[in-house]
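Geometric and topological summary
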Amino acid sequence: MTVRTDFQDGLVRCFWVDDSAGYQRYHDEEWGRPVGDDRGLFEQLSLEGFQSGLSWRTILNKRDAFRRAFANFDIDKVARYGEARVQALVADAGIVRHRGKIEAVINNARRAQEMRDQHGSLGAFFWRYEAPAGKRGAQPVSVSPQSQALSKDLKKLGWKFVGPTTVYAFMQSVGMVNDHGARCHHRPECEQARARFVRPT
């Protein structure tokens, strides 16, 4: 079963959506829509790293606090974070206080700077791993050949907390694959957005 049909507004949504308005809004307005800007991509990959071992709803409820804690995921600002900032974040009850994940975001910001220098943008690098046409919509798969390849290459470049499952969740959320269920009301809209989207190069 890939969809739910029992929502009060009568819309059909993916099976993982719960009854909270915030979660439904995230599904309807964000999940699966293509993202190409570096800040947005860095934010989503960072949050997916924090989500590892937790529910996405937990991360979504803390997203505003994460944005405050990490300078709205400005890559250059986060890359300058030092030990004093790490200590402050470990003590920040508004976010997930996991030192390893906090340090990974800072590390990844520095790796993102290197990626921009070498490839022009994060988008130009990430979108190379988009699933080929006709290879989408296999929900509820948790990894793909593309996520495995991207994970492997990111690790080679020194990125952390970018395992293939985390990377696949990232790819789903930023529209690199349209994994809305076949009957989900938002699937056609996401596919149209993907058709209009100009892939970064």
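Reading guide: rules and limits
Residues numbered from 1 in each chain as written. Predicted model: local features only at pLDDT ≥ 70, side-chain atom pairs only at ≥ 80, totals over all residues. Heavy atoms only, no water. Helix = DSSP H or I, 4+ residues; strand = E, 2+ residues; numbered from the N terminus. Rg over C-alpha atoms; globule rule 2.2 N^0.38 Å. Buried < 20%, exposed > 50% of the residue type's maximum accessible area, 1.4 Å probe, protein only. Expected span 1.5 Å × (residues − 1). Arc of directions from axis to C-beta. Contact = heavy atoms within 4.5 Å. Phe/Tyr/Trp six-rings, centres within 6.5 Å; stacked < 30°, edge-to-face > 60°. Lys NZ or Arg CZ within 6 Å of the ring centre and 35° of its normal. Salt bridge = Lys/Arg side-chain N within 4 Å of Asp/Glu carboxyl O.

**Examining the overall build of the protein**
Scanning the protein from N- to C-terminus turns up 11 helices and two strands. The helix and strand sequence of the protein, counted from the amino end, reads β-β-α-α-α-α-α-α-α-α-α-α-α. On C-alpha atoms alone, the protein measures out to a radius of gyration of 17 Å, which is about the 17 Å that the 2.2 N^0.38 rule sets for 201 residues. Principal axes of the C-alpha set define a box for the protein whose edges measure 50 × 35 × 25 Å. Per-residue burial for the protein yields a buried fraction of 49% across its 201 residues.

**So, helix α2 (residues 38–51)**
The end-to-end C-alpha distance of α2 is 20 Å, a good match for the 20 Å that 14 residues give at a rise of 1.5 Å each. With respect to burial, α2 is a largely interior element, 12 of its 14 residues being buried. Three or more residues of α2 are buried, namely Asp38, Gly40, Leu41, Phe42, Glu43, Gln44, Leu45, Ser46, Leu47, Glu48, Gly49 and Phe50. Directly beyond the C-terminal end of α2, a positive phi value near 85 degrees is found at Gly53.

**Some words on helix α9 (residues 145–156)**
For α9, which comprises 12 residues, the first-to-last C-alpha distance of 17 Å matches the rise-based estimate of 16 Å (1.5 Å per residue) to within 8%. For α9, every residue scored as buried is listed here: Gln146, Ser147, Leu150, Ser151 and Leu154. With its buried residues spanning 130 degrees around the axis, α9 presents them on a single face. More than 90 degrees from the buried face of α9, the exposed residues found are Pro145, Lys152 and Lys156. In the core, the buried residues of α9 are packed alongside α2, α7 (99–119), α8 (122–126) and α10 (164–173). Backbone geometry just after α9 places Gly158 at a positive phi near 95 degrees.

**Side note on the packing of aromatic side chains**
Evaluated as defined, the whole model comprises 13 aromatic pairs. Taken together, a centroid distance of 6.3 Å and an interplanar angle of 20 degrees make the contact between Phe70 and Tyr81 stacked. In this pair, Phe70 is assigned in the loop between α4 (63–69) and α5 (75–79) and Tyr81 in the loop between α5 and α6 (83–90), connecting sequence segments 11 residues apart. For the pair shown, Phe70 and Tyr81 are each scored as buried. Both rings, one in Phe125 and one in Phe126, keep their centres 6.1 Å apart while their planes meet at 80 degrees; by these two values the pair is edge-to-face. Here Phe125 matches Phe126 in class, with each residue buried. Put simply, the rings of Phe42, Phe50, Phe66, Phe70, Phe73 and Tyr81 pair up and form one aromatic cluster. Of note, Arg4 hangs over the ring of Phe7, and the distance from its end group to the ring centre comes to 4.3 Å. A cation sits over an aromatic face here: Arg85 above Tyr81, 5.2 Å from the ring centre.

**Details of the pattern of salt bridges**
One pass over the structure, following the stated rule, counts 17 salt bridges. Two residues, Glu189 and Arg33, come together in a salt bridge whose shortest N-O distance is 2.3 Å. Taken together, the residues span a long stretch of sequence, with Glu189 in helix α11 (residues 187–196) and Arg33 in the loop between α1 (21–29) and α2 at a distance of 156 residues. For Arg33, a relative accessible area of 23% gives the class partly exposed. Of the charged contacts, one joins Arg67 and Glu43 as a salt bridge, the two residues approaching to 2.9 Å between their closest N and O atoms. Residue Arg67 is found in helix α4, and its partner Glu43 is found in helix α2; the two are separated by 24 residues along the sequence. Judged by relative accessible area, Arg67 falls into the partly exposed class, the value being 23%. One network of salt bridges, with partners in common, ties together Arg39, Glu43, Asp64 and Arg67.

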